[in-house]
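Geometric and topological summary
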Amino acid sequence: MRSLLFVPADGGNKLDKAMASGADAVIIDLEDSIAPERKEAARKACFDFLKSNSGKADRPRLLVRINGLDTGMTDADLDAIVPGKPDAVVFPKAEGGTSAVHLDAKLTAREAVVGLPEGAIKVLAQAVESAAGLFLAGTFKDSSKRLIGMTWGPEDLSAELGAEANRDEHGLLTEPYRLARNICLYGAAAAKLPAIETVYVDFRNSEGLRRDTEMARRDGFTGRLAIHPAQVAVINEVFTPTPDQIAKAKAVIAAFAANPGAGAIGIGGKMFDRPHLVRAQALLARVAK
Ligand code: COA
Ligand code: MG
């Protein structure tokens, strides 16, 4: 998944617009973009939307962001939305592998009730969105088969830290949030999951979004959360491997296949060893999806 577009569950026709935005996934939000007194109405709207859209062919993946385990709202969210058969839930303020096990169990019980196979509903963990979550971000490996990726969130972290800002005057993340982003990358790699970059809130600044997303790709993220349809095309483009990258990856794989015993190979005057092969294979795997 390259682009995952958030839309508030009570967003009315924004939901249909999100479906037509070209995003690989639409995330119907029940958490931060929904005021406490609107939660119940938002759950209902979310279910109605899932019910009329989850059976459609050729649609983006449908994800629902529920409220976190410490809010007391998770069960009501899941009771309302699991019958609508979303492809996955986005799990905010996840705190390590034990929290993923906890959510997994809640989903298993509800899948049984609605007749879905166990494990049908996947989980995207917002794994580095709280200080406690940051310290546990390396513990997701093998915790739940439902996990399809990890992401992080500077807004909740800066609120928790009592920070004045999370970006400097040039728009670059300040130190505490660079750390969080990096930990998300390492945590996802340790769990063998895709790392998904967080939102870029300045949604009118498409050049800034492009630069920031290229940095994310450079560092190993394979997709990005979006908050506005205008962000989708940029994100998709940045995370779509170019014909040149595909050709280079194929050349690396072909060179190793032609030299089965070799640990390191020279191609065009540059050294390529096993980590390069792994990278080339990962790039082609993304193209195949
Ligand atoms: N999904 C689908 N459609 C969206 C959208 C979204 N996330 N954000 C904006 N649009 C639509 C608007 O409805 C509008 O449609 P219209 O031209 O038919 O009226 C069009 O895109 C242009 O919107 P614009 O005026 O530029 O923005 P806005 O002021 O209406 O909305 C936000 C700004 C931030 C409120 C809106 O983008 C939004 O709701 N984003 C998601 C917020 C969210 O879910 N946050 C939680 C995760 S961090
Ligand atoms: Mg949040």
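Note: the structure precedes this text.
Rules and cut-offs
- Residues numbered from 1 in each chain as written.
- Chains lettered and ligands numbered in written order.
- Predicted model: local features only at pLDDT ≥ 70, side-chain atom pairs only at ≥ 80, totals over all residues.
- Heavy atoms only, no water.
- Near = heavy atom within 4 Å.
- Polar contact = N/O pair within 3.5 Å; in protein donor to acceptor, adjacent residues only side chain to side chain.
- Areas by Shrake-Rupley, 256 points an atom, 1.4 Å probe, with all protein chains shown as cover.
- 1 Å grid on protein atoms, 1.4 Å probe; cavity = no way out; pocket = protein on both sides within 12 Å on 5 of 7 lines; lining within 4 Å.
- Sits in = over half its atoms within 2 Å of the grid points.
- Helix = DSSP H or I, 4+ residues; strand = E, 2+ residues; numbered from the N terminus.
- Nonpolar A, V, L, I, M, F, W, Y, C, P; charged D, E, K, R; others polar.
- Donors = N, O, S within 2.8 Å, 3.2 Å for Na, K, Ca; no water.
- Buried < 20%, exposed > 50% of the residue type's maximum accessible area, 1.4 Å probe, protein only.
- Patch = residues over 30% accessible without salt bridge, like charges linked within 9 Å, V, L, I, M, F, W, Y side chains within 5 Å.
- Salt bridge = Lys/Arg side-chain N within 4 Å of Asp/Glu carboxyl O.

Attention now goes to the site of ligand 1. With respect to spatial proximity, 15 residues lie near ligand 1, and among them Phe6, Lys17, Arg204, Ile227 and His228 are the closest. Between ligand 1 and lysine 14, the relevant distance is 3.0 Å, taken from an oxygen atom to a side-chain nitrogen or oxygen of the residue. In the model, an oxygen atom of ligand 1 is placed 2.7 Å from a nitrogen or oxygen of the histidine 228 side chain. When ligand 1 sits alone it has 890 Å² of accessible area, and the protein chains cover 61% of it. Of all the cavities here, the one that holds ligand 1 is the second largest pocket. Broken down by secondary-structure element, the contributors of at least two residues to the shell around ligand 1 are strand 1 (3–8) and helix 1 (14–19). Per-element tally for the shell around ligand 1: the top contributor is strand 1, with four residues. Each residue belonging to the shell around ligand 1 can be placed in one class, and the counts come to eight nonpolar, two polar and five charged.

Our next topic: the coordination of the magnesium ion (ligand 2). Only Asp32 (OD) and Asp156 (OD) from the protein coordinate the magnesium ion (ligand 2), and they sit 1.9 to 2.0 Å from it. You can see aspartate 32 sitting in the loop between strand 2 (25–29) and helix 2 (39–53) and its partner aspartate 156 sitting in helix 6 (residues 154–161), a full 124 residues away along the chain. Judged by its relative accessible area of 48%, aspartate 32 falls in the partly exposed class.

All right, on to a nonpolar patch on the surface then. On the surface, Val201, Phe203 and Ile227 cluster together into a nonpolar patch covering about 230 Å² of accessible area. Note on placement: phenylalanine 203 falls in the loop between strand 7 (195–197) and helix 8 (206–219).

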